[in-house]
Amino acid sequence: MLPAIARRDYMTARAALDAGDYDRALSDGRRISTMMAAYDGGASVAGLRSVVEQLLARAAAVKAREEERIYAEGDPGVIPPGPLSRQLPAAPPAGLTSQAVGTLEMLISREGEVEAIKLHTPLNRYHERMIVSAAKAWRYTPASKDGKPVRFRLVASINLPEN
């Protein structure tokens, strides 16, 4: 009876993996593995254990790749992050007019925090470094794909405010 239940559950776990639900595939696969751990059913069960272990290894590898993936503007099915708190330095240094500073490239984590940041600008002025420092504290609603938070590469043009 146990091998029949395990085979049915394996097919469900495999369908979850094929559908991209890696968490469910891992959960179901671990449950099957635990269920069969103490069962001695001969060669047929050994073969089933083997395919369950392969499923677990594949699901874990795909999930790890997915967690490392960084999405960007234009990726299908991805909702970009939304700003929660963004604050720039109040004003440029005395004597400078407001002008485009450059492009700010940020990696937004699954938690909505700025994970990494790079400012692309032809100049390297002190107030531009202040922008990078301020941007490190910004918070966002996380980007999402299929309702799950994902890492996102956000590119924004940055302008200094007027005095």
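Reference entry: report on the structure contained in this document. (Residues numbered from 1 in each chain as written. Predicted model: local features only at pLDDT ≥ 70, side-chain atom pairs only at ≥ 80, totals over all residues. Heavy atoms only, no water.)

1. Observations concerning helix α2 (residues 22–37)
Within an α-helix, residues lying three or four positions from one another point in the same direction, as the helix has 3.6 residues per turn. Helix length check: α2, at 16 residues, gives a terminal C-alpha distance of 22 Å against a target of 22 Å (1.5 Å per residue), a fit within 8%. Among all positions in α2, only Tyr22, Ala25, Leu26, Asp28, Gly29, Ile32 and Met36 are buried. (Helix = DSSP H or I, 4+ residues; strand = E, 2+ residues; numbered from the N terminus. Expected span 1.5 Å × (residues − 1). Buried < 20%, exposed > 50% of the residue type's maximum accessible area, 1.4 Å probe, protein only.)

2. Overview of the environment of Arg7
Structurally, Arg7 is set in helix α1 (residues 2–18). Along the primary structure Arg7 and Val52 are separated by 45 residues, whereas in three dimensions their C-alpha atoms are 9.3 Å apart.

3. Observations concerning the nonpolar core
Counting 18 residues, the largest nonpolar core has Leu104, Met106, Val114, Ile117, Trp138 and Tyr140 as its most contacted members. Those elements that provide at least two residues to this core are β4 (100–108), β5 (114–120), α4 (126–135) and β8 (148–159). With four residues, the top contributor of residues to this core is β8. In contact with Ile117, not counting residues within four places along its chain, are Leu104, Glu105, Met106, Val132, Ala135 and Lys136. If you look at the next biggest cluster of nonpolar residues, it comprises 17 residues, including Tyr10, Ala25, Leu56 and Ala59. (Core = buried A, V, L, I, M, F, W, Y, C linked by side-chain atoms within 4.5 Å. Contact = heavy atoms within 4.5 Å.)

4. With respect to the side chain of Ser144
Note on placement: Ser144 falls in strand β7 (residues 143–145). Given the relative accessible area of 16%, Ser144 is considered buried. With residues up to four places along the chain from it excluded, the contact list for Ser144 reads Gly77, Val78, Ile79, Pro149 and Val150.

5. A closer look at the environment of Asp28
When you line up the elements, Asp28 lands in helix α2. Residue class for Asp28 comes out buried when judged on its relative accessible area of 7%. In the structure, Asp28 is positioned 15 residues away from Ala13 in sequence and 5.5 Å away in space, judged by C-alpha atoms. With residues up to four places along the chain from it excluded, the contact list for Asp28 reads Thr12 and Ala13.

6. Quick word on the side chain of Arg151
Within the fold, Arg151 resides in strand β8. Since its relative accessible area comes to 10%, Arg151 is described here as buried. Among the polar contacts listed, one links the side chain of Arg151 to the backbone oxygen of Glu68, at a separation of 3.2 Å. (Polar contact = N/O pair within 3.5 Å; in protein donor to acceptor, adjacent residues only side chain to side chain.)

7. Overview of unusual backbone geometry
Backbone geometry at Asp146 places phi at a positive 55°, although glycine is not the residue there. Examined against the element boundaries, Asp146 turns out to sit in the loop between β7 and β8. Asp146 sits in the exposed class, given a relative accessible area of 67%.

8. Observations regarding the pattern of salt bridges
Taken as a whole, this structure holds 10 salt bridges when the rule is applied. One salt bridge connects Asp23 with Lys63, and the closest N-O pair in it is separated by 2.5 Å. Placement of Asp23 in helix α2 and of Lys63 in helix α3 (residues 43–68) is noted, with a sequence separation of 40 residues between them. The exposure class assigned to Lys63 is partly exposed, which follows from its relative accessible area of 24%. For Arg151, the salt bridge goes to Glu115, with nearest N and O atoms at 2.5 Å. Pair noted here: Arg151 is in strand β8 and Glu115 is in strand β5, with a separation of 36 residues, a long-range link. Linked by salt bridges that have partners in common, Arg8, Asp9, Arg24, Asp28 and Arg31 make up one network. (Salt bridge = Lys/Arg side-chain N within 4 Å of Asp/Glu carboxyl O.)

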